[in-house]
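One letter stands for each residue in the lines below.
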2 protein chains.
Amino acid sequence: MAGQPLTIETPDDLRIAEFRDIRERDLTGRQNRFIAEGTVVLRMLADAHAAGRGFSAEKILLLRNRLDGVAEILDRFPKDVPVYVADADVLDGIVGFNMHRGVLALGRREQATETILLDALPEQALVLVGCGISNHDNAGSMFRNAAAFRADAILLDETCCDPLYRKALRVSVGSVLSMPYHRGGDALALLSGLAERGFAIWTLSPRGETDIRQISASDRMALVVGTEGEGLPEAVLSRFRSARIPQSEGLDSLNVATATGIALFAISSAMARI
Amino acid sequence: MAGQPLTIETPDDLRIAEFRDIRERDLTGRQNRFIAEGTVVLRMLADAHAAGRGFSAEKILLLRNRLDGVAEILDRFPKDVPVYVADADVLDGIVGFNMHRGVLALGRREQATETILLDALPEQALVLVGCGISNHDNAGSMFRNAAAFRADAILLDETCCDPLYRKALRVSVGSVLSMPYHRGGDALALLSGLAERGFAIWTLSPRGETDIRQISASDRMALVVGTEGEGLPEAVLSRFRSARIPQSEGLDSLNVATATGIALFAISSAMARI
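Being a predicted model, the structure only gives us computed values, none of them experimental.

### Some thoughts on the pairing of strand β4 (residues 83-86) of chain B
On a regular strand, one side chain projects to one face of the sheet and the next to the other, so that they alternate.
All names here are of chain B.
Consideration 1: Side-chain alternation along β4 places Val-83 and Val-85 on one buried face and Tyr-84 and Ala-86 on a second face that is also buried.
Consideration 2: Of the strand pairs in this sheet, strand β1 (residues 6-7) and β4 are connected by 2 bridges, and their pairing is parallel. Within β4, the residue paired with Thr-7 across the bridge is Val-85.
Consideration 3: In this sheet, β4 lies alongside strand β3 (residues 55-63) in parallel orientation, the contact comprising 4 bridges. From the neighbouring strand, Leu-63 faces β4, where its bridge partner is Ala-86.

Here is the structure:
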């Protein structure tokens, strides 16, 4: 299991410096480090750490009275992962009042190259591709929906936000730690990589040509979604087939997370994955 | 059109007192008054006001430089609706920095009784029912999704939050102003009212008996959704048929807004409404 709990007495203890003021710090780059919050996400970090999916825990910080409740999860971390405990007033002083659920971990991710991820995909595969997804709620929901409908991986272009951002990770219910993904690069380059590997690529747009309920299943399918306001860039839309979710006219399109969920539900149904 | 613009010079002008500190005020009861924000929602308030759907605008407050951009919308309000304009520093002083988009209105709703709403439903109808939806984002998304998939009305039990809360209204993209709804009363009583009027009632649950893709269409259908954590109360689940959205095992169920979107998509498809 993880190390024996060490008590933190003051908020300025250097051993837990990375947890200080996480609300503000979270918005800046952190060199592949991220904050995991809550029991569910801690459990998924333990799984990801054990599974060698490129994630590791660097340290864990707990409210003292949460220790017993997560003992079984701590058992699954290597013993060189330090565990710190603090009383409520000290923890509030470290991370900010009401900014935690008493369970925090500092994680690290080593991202594999896009090629390694693509080459590892199974013969029958469903991939979700996000372009310009800058809202952390939407990014987190996309991971949650992709996991629910059995996607194999997510690709995010370089204009998407980091799904390891604290709020995205929380909204994903930890799926960012279980769903293979790559973030970076140009959208067209990502899609070319998929096309070369035999993926049928479908963009999602309110003005898509094919009703999402009618698209034909292929062994390998990729769904491409863009931001709500602007949608996908013309360079992407013009090069691939497009699908639409039928809906009432004259309305704003659905929220991108909901639209992604519906489209994945329809495609996963067509592929007989659910 | 609405009244000639009147300039507000100081944040403590009593004529715009209702807009002060809307972040905090919004959380308390307001006797059917609500704050509408942004051009899209203002336009929907104008439509709702004109259509006699129980909504009216009491006053409008604009950032001076937004006046021209919304002139066409102001034209649609009766001329006894006062329009106030303020410069940026005054507006920030009224509503709080970054708490507005330069376009605000104070609206009022007169809620018709549940009976009036139910009796007005068409012969072929789709109704969404929410039980215990306390999250404002989820409430707003449910209205947006119901509008997208052509539902006729929404019923919210007494334990749901007020969809006129500023954030719910914004997330709904104004659909709270266009979708007929009633909030209040006990869930079982609401469902009895629907059953008496010939509605086939389907609860949505991760453990539902029927795959949502297989439910049979009826002329009148109601979909019942509950909160994410606890789900629907046993008293509701045991009395009506239940449907599930097929998905990967061992995961948290989908977010309630996404699940509602998918279920409405499936039901509206079955009813040939989309």
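Right, picking up where we left off after that structure.
### Some details on helix α10 (residues 256-270) of chain B
Consideration 1: With 15 residues, α10(B) should cover 21 Å at 1.5 Å per step; its first-to-last C-alpha distance of 21 Å lies within 8% of that length.
Consideration 2: Within α10(B), 13 of the 15 residues are buried, which leaves it mostly tucked inside the rest of the structure.

### Comments concerning the relation of the copies chain A and chain B
Consideration 1: Mapping chain A onto chain B calls for a rotation angle of 180° and an axial translation of 0.0 Å; the resulting RMSD is 0.0 Å. In the structure described here, the two chain copies are related by an operation that fits a two-fold rotation axis.
Consideration 2: An overlap of 100% is found between the interface residues of chain A and their copies at the interface of chain B, pointing to a shared contact surface.

### What about the domain arrangement of chain A?
Reports often express the size of an interface as the amount of accessible area lost when the parts come together.
Residue and element names in this part refer to chain A.
Consideration 1: When cut into domains, chain A gives domain 1 (6-109) and domain 2 (114-270).
Consideration 2: Between the C-alpha centres of domain 1 and domain 2 the distance comes to 30 Å.
Consideration 3: Counting residues at the interface gives 19 residues for domain 1, matched by 13 residues for domain 2.
Consideration 4: Around 1400 Å² of area is buried between domain 1 and domain 2 when both sides are counted, 61% of it from carbon and sulfur atoms.
Consideration 5: Joining domain 1 to domain 2, the criterion identifies 4 residue pairs in polar contact (both at pLDDT 80 or more).
Consideration 6: Within the residue set of the side of domain 1 that touches domain 2, elements represented by two or more residues are α1 (22-25), β2 (33-37) and α2 (38-51).
Consideration 7: The element contributing the most residues to the side of domain 1 that touches domain 2 is α2, with 5 residues.
Consideration 8: A per-class count over the side of domain 1 that touches domain 2 returns 12 nonpolar, no polar and 7 charged.

What counts and how
Residues numbered from 1 in each chain as written. Chains lettered and ligands numbered in written order. Predicted model: local features only at pLDDT ≥ 70, side-chain atom pairs only at ≥ 80, totals over all residues. Heavy atoms only, no water. Buried < 20%, exposed > 50% of the residue type's maximum accessible area, 1.4 Å probe, protein only. Helix = DSSP H or I, 4+ residues; strand = E, 2+ residues; numbered from the N terminus. Pairing = 2+ DSSP bridges. Expected span 1.5 Å × (residues − 1). Least-squares fit on C-alpha atoms with pLDDT ≥ 70 in both. Contact = heavy atoms within 4.5 Å. Domains from an automatic or database assignment. Buried area = accessible area lost by both parts, 1.4 Å probe. Polar contact = N/O pair within 3.5 Å; in protein donor to acceptor, adjacent residues only side chain to side chain. Nonpolar A, V, L, I, M, F, W, Y, C, P; charged D, E, K, R; others polar.

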